[in-house]
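Listed below, chain by chain, are the residues.
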Amino acid sequence: MSEKKEIDEIVEECCTVFRRRQIEGSLPCAKKTLDILRLIVTNKKHSTAAALIDEMRTVGYKMQTARPVELAIGNMVRRVLHIIREEAKQEEIEEAKPSYSQPINAEASRTQAGGLLSQALKGRLQMARGPSLSNLLDAGIDPGSGGFVCSLAPIQEGPGPASSAPGDRHSGANLPEPTFSTPSALAAGMASLTLGGGGGGGGASAAERGGDYEVESQASTRRPPGKAPRNWKGKHEVIESINELIDELDHIQEGITAQGVEHIHANEVILTMGMSDTVYLFLREAAKKREFQVVVAEGAPRFDGHLMARRLADAGIQTTLIADSAVYAMMARANKVLVGAHAVLANGGVVSPVGCHMVALAARRHSIPLVVLVGLHKLSPLFPTDPELLYNEFKGPADVIDFDVVGEAFVQQQQLHYAARASDGAGAAGAADGPSSSSNPDSAGGAAAAGNAPAGTSGGLVGAAGAGGNTSSSSIAAAAAAGCNSPPLSGSLLGLNGGSSGSGSRGGGGKWGPMPGNVHVPTPLFDYVPPSLISLFITDMGGRTPSYVYRLLTEYYSRDDYFLSREVFGKDGAR
């Protein structure tokens, strides 16, 4: 089995684990994501940073799709992508340094060998004064050609000879007066002078040498074809950065809980809701040096606030457990509200356990600060209106309603459905036969049907006959006659997943319609709390206000990686 296939299988197994919810919690999911990404960087070959970024985006999007509600998975992918981009940018800067420094060194070497200024000061040469920025205003204009004429006297110091050999390039005698027809020609002459040319022929050769050197410097920065490295050399730094990020996740709880003494004062009353490991460790750490009271709301429907109250009491903290409906009444006695968060969005809002929005509104009404304890691995660059954001999910109704009641309600809905079909059929037959088709025995049959109905179906959860106001006794009689011989029904008659319980009209050849007494039992897990209701974030890097979130986004993520899906937002993931 090839190495690539083995890594692909590991990625698929990780996606399966996420999809089956075998790993719960943002922190374990973040660590698992980093382990997979580190494995890919370590074992796979990538010739460039772009190839590594491309694979990271593909794998990250696959893992995020497997568990959309765990935004920490995508956050860790974006953190790693940001590390790769920064390393690639640093590598480009280092590669560009020789192309700028080498011409400067070459010019310095020519100056040391005998440049114009040093030669002029030594007084051993007689040379023409070429055009420069200092004597440009002294140059005249040739009336015949209309060009610039440099008629400056040559520099002569000491009793040097008036002439020299014809082959001497530094000779100043018998030099023709340089004439430049255009300003561009004048600039070219100045460039040749700067590159080390003393006269006309020497200037041309120096310009040629300068052009050849520029081509050589550009060729030296390019890699020869066919010799590209098999693996990107920046991978070692990326692996080290991923290891540091994993180590940061291991100590993220300690970084938050260590600030408990700074934010909780003596004799305060702290209100919280539900069970949060971060909040519990924060309060337990503060209790080592402070004495305070904690009011815990039970956090229905999971009622994990009971566990929170028990653990706080075991830690020696005075604790009071209240129902969720008593939060507003108890808020007047609180000094501070501490809650955890599932994710922090780009606008400063948070995705928190269900019921926290109600607590936040009560805190704002009583002017109580709402403090959110959250690690920066939960910081997401998505906004609440972004299409990639799925910050809520629904679980089964077992926390709200017992399954035996659900079963009874299902049987009752079966009877109501077939009763409606029988009623529609009887109505159609009565319309054809006349008023004589309606008979009184239906009432007796209805009583018998009511007696044979399962226990708990008369006036139960979904409502029995007459609850909707449009089910007659003949319908119940027909349903009882159908009894248990009715075919099994598909779909959720109670709308347990929050959806519609049916479609179509009654008696329409198997079509389903809304029945009287339907009860929907949606059980969302999270609430969205807007930034206007939040006073402070306590992160592993210190306290931050919601308005500072944008600065954290620019520090930890790259703009090109905000969206991992290419199908919607293009190849680079940008809007």
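This write-up is about the structure you can find in this document. (Residues numbered from 1 in each chain as written. Predicted model: local features only at pLDDT ≥ 70, side-chain atom pairs only at ≥ 80, totals over all residues. Heavy atoms only, no water.)

### What about the sheet that holds strand S6 (residues 318-322)?
Spatial strand order, S6-S5-S4-S7-S10-S12-S13: 7 strands in an open sheet with mixed pairing. Strands with a single pairing partner mark the edges of an open sheet, and in this sheet they are S6 and strand S13 (542-544). Taken pair by pair, the neighbouring strands of this sheet meet at an average axis angle of 25°, ignoring direction. Across 3 bridges, the pairing between strand S10 (residues 370-373) and strand S12 (residues 536-539) is parallel. Bridge assignment links Val371 to a residue of S12, and that residue is Leu536. (Pairing = 2+ DSSP bridges. Helix = DSSP H or I, 4+ residues; strand = E, 2+ residues; numbered from the N terminus. Axes fitted to C-alpha atoms, helices over the stretch in contact; angles between N-to-C directions.)

### Remarks on the environment of Arg85
Summarising the element assignment, Arg85 is placed in helix H4 (residues 71-114). Looking at Arg85, the relative accessible area reads 23%, which means it is partly exposed. Considering only alpha carbons, one finds Arg85 and Ala50, 35 residues apart in sequence, at a separation of 8.6 Å. When neighbours within four sequence positions are excluded, Arg85 is seen to be in contact with Ile53, Arg57, Ser558, Asp560 and Asp561. (Buried < 20%, exposed > 50% of the residue type's maximum accessible area, 1.4 Å probe, protein only. Contact = heavy atoms within 4.5 Å.)

### Here we look at unusual backbone geometry
Cis geometry marks the peptide bond from Ala300 to Pro301, where omega comes out at 5°. With respect to the secondary-structure elements, Pro301 resides in the loop between strand S5 (293-297) and helix H12 (305-314). Phi is positive for Phe303, which is not a glycine, with a value near 55°. Residue placement: Phe303 occurs in the loop between S5 and H12.

### Observations concerning the packing of aromatic side chains
A complete count under the given rule lists 0 aromatic pairs for this structure. Seen from the ring of Tyr280, Arg311 lies directly overhead, with NZ or CZ sitting 4.1 Å from the centre. (Phe/Tyr/Trp six-rings, centres within 6.5 Å; stacked < 30°, edge-to-face > 60°. Lys NZ or Arg CZ within 6 Å of the ring centre and 35° of its normal.)

### A word on the sheet that holds strand S8 (residues 343-344)
The 3 strands lie next to each other as S8-S9-S11, forming an open sheet whose pairing is antiparallel. Pairing within the sheet leaves two strands with one partner each, and these edge strands are S8 and strand S11 (526-529). Sheet topology note: the strand S9 (residues 350-353)/S11 ladder contains 4 bridges and is antiparallel. By the bridge assignment, Pro353 is partnered in S11 with Phe526. Where helix H14 (residues 356-365) meets the sheet, it contacts S9 and S11, and its direction lies at approximately 35° from that of S11.

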